Amino acid sequence: MPTNWTLDPDRCFDPDVTQRFLARELYQTVKDLPIVSPHGHVDPALLADPEARFGSPVDLLITPDHYIFRMLYSQGIKLEELGIPPQDGAPVETDHRRIWQRFADYFYLFRGTPSGLWLADELVNVFGVEEKLTSTSAQRVYEHLEARLKQPDFSPRELFARFNIEVLCTTDPATSRLETHRALRKQGWEGKVRPTFRPDAVTDLSAPGWQENIRLLGEVGGEEIGSYKKFVRTLEERRAFFNLMGATATDQAVLVPYTDTLEPNEVEAVFQRALRGGATQEDTHRFNAHMLMEMARMSLDDRLVMQIHAGAFRNHNEPFYRRFGRDMGADIPIVTDFTRNLLPLLNKYGNDPRLTLILFTLDESTYARELAPLAGHYPALKLGPPWWFHDSVNGMIRYLDQVSETAGLYNLAGFNDDTRAFCSIPARHDVWRRVTCNWLAGRLARGLIDEEGAHEMALDCAVRLAKHAYRLP
Amino acid sequence: MPTNWTLDPDRCFDPDVTQRFLARELYQTVKDLPIVSPHGHVDPALLADPEARFGSPVDLLITPDHYIFRMLYSQGIKLEELGIPPQDGAPVETDHRRIWQRFADYFYLFRGTPSGLWLADELVNVFGVEEKLTSTSAQRVYEHLEARLKQPDFSPRELFARFNIEVLCTTDPATSRLETHRALRKQGWEGKVRPTFRPDAVTDLSAPGWQENIRLLGEVGGEEIGSYKKFVRTLEERRAFFNLMGATATDQAVLVPYTDTLEPNEVEAVFQRALRGGATQEDTHRFNAHMLMEMARMSLDDRLVMQIHAGAFRNHNEPFYRRFGRDMGADIPIVTDFTRNLLPLLNKYGNDPRLTLILFTLDESTYARELAPLAGHYPALKLGPPWWFHDSVNGMIRYLDQVSETAGLYNLAGFNDDTRAFCSIPARHDVWRRVTCNWLAGRLARGLIDEEGAHEMALDCAVRLAKHAYRLP
Amino acid sequence: MPTNWTLDPDRCFDPDVTQRFLARELYQTVKDLPIVSPHGHVDPALLADPEARFGSPVDLLITPDHYIFRMLYSQGIKLEELGIPPQDGAPVETDHRRIWQRFADYFYLFRGTPSGLWLADELVNVFGVEEKLTSTSAQRVYEHLEARLKQPDFSPRELFARFNIEVLCTTDPATSRLETHRALRKQGWEGKVRPTFRPDAVTDLSAPGWQENIRLLGEVGGEEIGSYKKFVRTLEERRAFFNLMGATATDQAVLVPYTDTLEPNEVEAVFQRALRGGATQEDTHRFNAHMLMEMARMSLDDRLVMQIHAGAFRNHNEPFYRRFGRDMGADIPIVTDFTRNLLPLLNKYGNDPRLTLILFTLDESTYARELAPLAGHYPALKLGPPWWFHDSVNGMIRYLDQVSETAGLYNLAGFNDDTRAFCSIPARHDVWRRVTCNWLAGRLARGLIDEEGAHEMALDCAVRLAKHAYRLP
């Protein structure tokens, strides 16, 4: 007997009647606003090719989503059993129906998790699944999804329209020629999909294949990069090109947000050592710190918004990394110090309101201790939304509770979905809108803000803060 | 005029009517389940001797409980006034009625604390006290307790049955011959009380009397320990013996959970230095890290569940330690880094689902930042419940809120009472059951889990997660 | 059309009907109690001169309040536009009506912040403003305030009486002759305004102008300070003088609460180097640690309560500091370790209940991890209230939730307003009283404390804990 799958229309709202009533009212005013997605990892090729499709339900929902398979892996399920191929060529499950069955058998693992919440929303509201995913219903749900995914109105482009996405920013390496973005613009999609300049592969000396990346950068830039000076000039040119192609922002991921300025001869010497493959750990540490400074300087020139994502210890699980590669759910956060690490950068550029620097953390203890006080003082700083593990109902509440009193709402950068899972975008924005409306309803019910304030703040959270912070038209 | 002492039947539940109604319903399904206590410090001798008794109310509730007397001490009351003898032989209060009076006079200090909650539950529900403990009622309550403690149905064994304890795991040094456990099993108590292998006194080079402990270990093992190799073999044999005697787990307390592997000749050299009393601080640091690795390796062989309790700075108060000894309420937590310290161990053993490693922390900032992401990825990892200072209503809520979204519920290890205060066991499990049911009711009322999920999760929290994590039959 | 500005009489209370009802009841019992302000920064000259006035609305509310202008600055508004003069003599806005207009235009930035809450309370309840501050109402509100500020009953002294301040402690440098306090006592204000001994300028070797400060200290002490021994004796004499003038406490601000004892010859050598301007960074670090020990020793002698405010990285923004000076909203918190840093001090003096040492932190992760366990053990320790960025509705809830279970209520030091903004004092105490009553109502509604306990604890929070901790009569 199929269980009818209905989602609570009041999900994420506090049960208290007063707060819930106010939350509903606020939510009504924002739930249908267009989606502004200023930072994420959707592959633009999905949208550039009108014929692109999502593949099977497993291709769509399981194999590309490390939020999903890390949880299954943590419970002893091998990635091979989920159809994810190790780099050693070991055999892997290829029957998508069996993979789906396994997923359904373990779907209880996602109880109370953000992945569980997004998936339910996606299955019910995007794909019209009507019975709850269980071991018993697994094959019927699979068939339902498979049928939907073949329909013309379930192409990425059709869903883009249906999702009411006003703008979607992708993440693109500094060496990208942005062919797909170019194609999209030619097709008249101008402004809807924007690239973001991500230079980590060339600005971080510890990036795998850095020398090759520099070679590639030279190739794309039209001239070999034999000096730091040339390197910086090429970066500036690439940024100008991204800017021209619609980018409004850059993005850098760093383990430690250490910033420092090297003297011209020092930085040139380090760069030369790195080109020859002889950079020391100290070189890497100082060069990376210097490049954060340089990127801030360039942002002051070209007005691209600067983003720093700090504190993820990448590929913590080395044997796993060697077998499956990067971005497979094995990155673990560490303690992060912003107050001292950002001192040089903020002293040099933080007082200039023409710069916008958006900070992201995985260390929530920095919210109230460092980030809110920093953003509540420096004109250049804004705080990014709760990131990654903290992009969740409780994560959002902790963020709002801990940053808003000191930073205020207007030093925040709104919401990012930060996802490569295109079909989860509406669910992710919806959770943010629900949680912010409920949180504002709580403030209002406690007499801490007034009705006018609550309504304005709901609109700010849903759309306006993000557009403003990312300088989106 | 005696005040009638009644406990709120809805204690620990949110006041919101919807959530409270759901919390009550969930709690009804778990409140009478047997108690599974997989980690604690009850002296098994209490249960091995059918004639064992608890002594006076002061012997039961005050002198052995550092949760109680640390609070009184913090307010300027001397331990001597509570009947706790210093090691310098200074005079000490011996009149238990006067000690009890002093305790009652200061009972207000425990308002809103977990000790206050447990004590009230214990006095009312275990001992049938009917008037609130105050300065005025103190002597009457004392007499009531004294009378009860003399009754045959208030022996440890009778209470064990009345408390409905399915299994109780004790903590036993590696050098223990487990005589009491042997006696218990002979008496037909098989399986109800299980030992736990606690090797700190021999695996931690900084343990007081380490050399003597090693001598003792050799004695128990039947052969002198003159080499690291012999040491490891003896440990393995002791584990096998504990296993045979019903143990399913080991437990180690470390200041810093640093892990590392020493080369065979290195570790032998360090061990020899330590035997001669010449180990350096660096030796200790590295040897202890090596022993965590070794214990994980052994757990993979013999399948004993491994526990690490990290981050307590033991005996912070040195003059107090010299006067009163260890475990007297003067241990203070420190910042703990799991991400980097556990890297070697997790890289070597963390991907093997046959290992279960349960982590405990006193640094709550690691919940969402490190522990939940680690447990949400590594198959071998599970998170222990809120520990020690955090085994409290708010501590549990913070734990559930901060770990459950990223780790899910199924990477948690259920509840531990971790107590030596036998009569507080039901109260401690009851608080956990109430708080988890209320927390689940809150998730349900917010539409974040469904009814079926909430019911399953309530049972999981109460009993099933603990049995599963600790491999209890 | 003017908007009528009314504040929610139930502000800060949870919306749940049960909790709100109980919160109201508790609040009724404390809301009109006299204000006890044991730590703050009001200039005593305001009260010493019967003719003193507050100046314009801008002089009162904007230019002296770094909570206000840091937020405006963070949004790109120059301090010069707010009438705050840089030290380089650049031109500055002098038209207070235009400054006020600018402030009103940006008043929305304070939505949901403590500054917003205090300001609303101050404008409505102290100054009787009836329309909400907006761009449109700005000039009318300005005129209203200007008129009020000229009325005789809006002098500082009249407001002191109207605010029902029982005692107000100021913060005074060690070199102060306390002329104003002397004048106040002469005028019959004895006991109402008390000085606090703040020796940072002479005990912290890194204090700007340390040598000059020492010269000044010698001058005030009546004898040149040429040796550490003389320095200590002078400090002791100054403390005795402050004590005589009504002080009951001292206060020190430190970046890191490191404590250590230097040998007499060592400390003398460091002091001599410092006098000659040759102290190293290591000297400063160790001397400052030594001075915390010395201050504790002196407190044991003269019974002045010792306060330590730790963890503010002062003047983080160097170019801003050079232009505008100190205490301008550019201090940023850092991670703080109390467990290890305070070890020497607590081992030497922490067991003596005659000492009271009150700790303040800006690193909330220390609440449950370090501070509550420390205060729940050491007789000498008490925890100061949520400080600075954490003196807010959510900050207070986090504090109460995180410290009360382990430290209990009776190891806390009640509330400090810590403000130089005299007219905000009632609003600040009112927020604390509302939040504590609501929090206690929540404990009561959950059956975690009883009615009698809740009532006592409400009185304790409002007044009694502060008076007890600061030894105020």
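All values reported here derive from a predicted model rather than from experimental measurement.

**What about the overall build of chain A?**
Counting its regular elements, chain A contains 20 helices and eleven strands. For 473 residues, the compact-globule estimate of 2.2 N^0.38 gives 23 Å, and chain A sits close to it at 23 Å. The dimensions of chain A, computed from C-alpha atoms along their principal axes, are 75 × 60 × 45 Å. Out of the 473 residues belonging to chain A, those deemed buried represent 56%.

**Quick look at the relation of the copies chain B and chain A**
Overlaying chain B with chain A gives an RMSD of 0.0 Å, the required rotation being 120° about an axis along which the chain moves by 0.0 Å. Accordingly, the operation relating the two chain copies is best matched by a three-fold axis. A different interface surface on each copy is seen, since only 5% of the contact residues of chain B are contact residues in chain A too.

**Considerations on the interface of chain C and chain A**
Counting from both sides, the interface comprises 44 residues of chain C and, opposite them, 40 residues of chain A. If you tally residues by element for the side of chain C that touches chain A, the top one is helix α4 (residues 66-74) of chain C, at four residues.

**Section: the packing of helix α19 (residues 425-445) of chain B against helix α20 (residues 451-469) of chain B**
Residues and elements named next belong to chain B. Between α19 and α20, the least distance of the axes is 10 Å, while the angle of their chain directions is 160°. On the basis of the axis angle, α19 is roughly antiparallel to α20. Helix-helix and strand crossings are classified by hand; for α19 and α20 the assignment is right-handed. In this structure, α19 contributes R433, T436, C437, L440, R443 and L444 to the contact, and α20 contributes E451, A454, M457, A458, C461 and A462. Grouping the constituent residues of the contact of α19 with α20 by class yields eight nonpolar, one polar and three charged.

**A word on the pairing of strand β7 (residues 305-310) of chain C**
All names here are of chain C. Burial of β7 is extensive: six of the six residues sit out of reach of the surface. Side chains of β7 alternate between two faces, with V305, Q307 and H309 and M306, I308 and A310 buried alike. Judged from the six bridges that link them, strand β6 (residues 249-254) and β7 form a sheet pairing that is parallel. The residue of β7 that forms the bridge with T250 is M306. In terms of strand pairing, β7 meets strand β10 (residues 357-361) through five bridges, oriented parallel. Looking at the pairing, M306 lines up with L357 of β10.

**Digging into the environment of S56 of chain A**
Residues and elements named next belong to chain A. Among the structural elements, S56 can be located in the loop between α2 (45-48) and α3 (57-61). For S56, a count of 19 C-beta atoms within 10 Å gives the class partly exposed. Sequence separation between S56 and Y142 is 86 residues; the distance between their C-alpha atoms is 8.8 Å. Apart from residues no more than four positions distant in its own chain, S56 is found in contact with H96 and E146.

**Digging into the sheet that holds strand β4 (residues 193-194) of chain C**
All names here are of chain C. Read from one edge to the other, the open sheet built from three strands follows the order β1-β2-β4, with strand pairing classed as parallel. The sheet is open, and its two borders are formed by β1 (35-37) and β4, each paired with just one other strand. Relative to strand β2 (residues 165-169), β1 runs parallel, the two sharing three bridges. Along β2, the bridge assignment pairs I35 with I165.

**With respect to the relation of the copies chain C and chain A**
The two copies are related by a screw motion: chain C maps onto chain A through a turn of 120° and a shift of 0.0 Å along the axis, at an RMSD of 0.0 Å. An asymmetric contact is evident, with only 5% of the interface residues of chain C recurring at the interface of chain A.

**Comments concerning the pairing of β10 of chain C**
On a regular strand, one side chain projects to one face of the sheet and the next to the other, so that they alternate. Residues and elements named next belong to chain C. Burial within β10 is extensive, with five of its five residues counted as buried. Here β10 shows two buried faces, one formed by L357, L359 and T361 and the other by I358 and F360. With three bridges connecting them, β10 and strand β11 (residues 381-383) associate as parallel partners. The residue bridging L357 from the neighbouring strand is L381, located in β11. Handedness of the β10-helix α17 (residues 365-375)-β11 crossover: right-handed.

**Section: the domain arrangement of chain A**
Residues and elements named next belong to chain A. Segmenting chain A into domains produces domain 1 (17-52 + 155-469) and domain 2 (55-154). Summarising the inter-unit geometry, the C-alpha centres of domain 1 and domain 2 are found 28 Å apart. Taken residue by residue, the interface counts 20 residues in domain 1 and 21 residues in domain 2. Elements that contribute at least two residues to the side of domain 1 that touches domain 2 include exactly α8 (156-162), α15 (318-324) and α19 (425-445). For the side of domain 1 that touches domain 2, the element with the most residues is α19, which contributes five residues. Class assignment of the residues belonging to the side of domain 1 that touches domain 2 gives a composition of eight nonpolar, five polar and seven charged.

**Some words on helix α1 (residues 17-30) of chain B**
All names here are of chain B. The end-to-end C-alpha separation of α1 is 20 Å, in line with the 20 Å expected for 14 residues at 1.5 Å each. Taken together, the buried positions of α1 are occupied by Q19, R20, L22, A23, L26, Y27 and V30. On an axial view of α1, the arc spanned by its buried residues comes to 165°, and they lie on one face. The inward-facing, buried residues of α1 contact α19 and α20.

Thresholds, definitions, all that
Residues numbered from 1 in each chain as written. Chains lettered and ligands numbered in written order. Predicted model: local features only at pLDDT ≥ 70, side-chain atom pairs only at ≥ 80, totals over all residues. Helix = DSSP H or I, 4+ residues; strand = E, 2+ residues; numbered from the N terminus. Rg over C-alpha atoms; globule rule 2.2 N^0.38 Å. Buried ≥ 20, exposed ≤ 12 C-beta atoms within 10 Å, placed from the backbone. Least-squares fit on C-alpha atoms with pLDDT ≥ 70 in both. Contact = placed C-beta atoms within 7 Å. Axes fitted to C-alpha atoms, helices over the stretch in contact; angles between N-to-C directions. Parallel < 35°, antiparallel > 145°, perpendicular 65-115°, else oblique. Left-handed = near helix turned anticlockwise from the far one by under 90°. Nonpolar A, V, L, I, M, F, W, Y, C, P; charged D, E, K, R; others polar. Pairing = 2+ DSSP bridges. Right-handed = clockwise from strand over helix to strand, strands pointing away. Domains from an automatic or database assignment. Expected span 1.5 Å × (residues − 1). Arc of directions from axis to C-beta.

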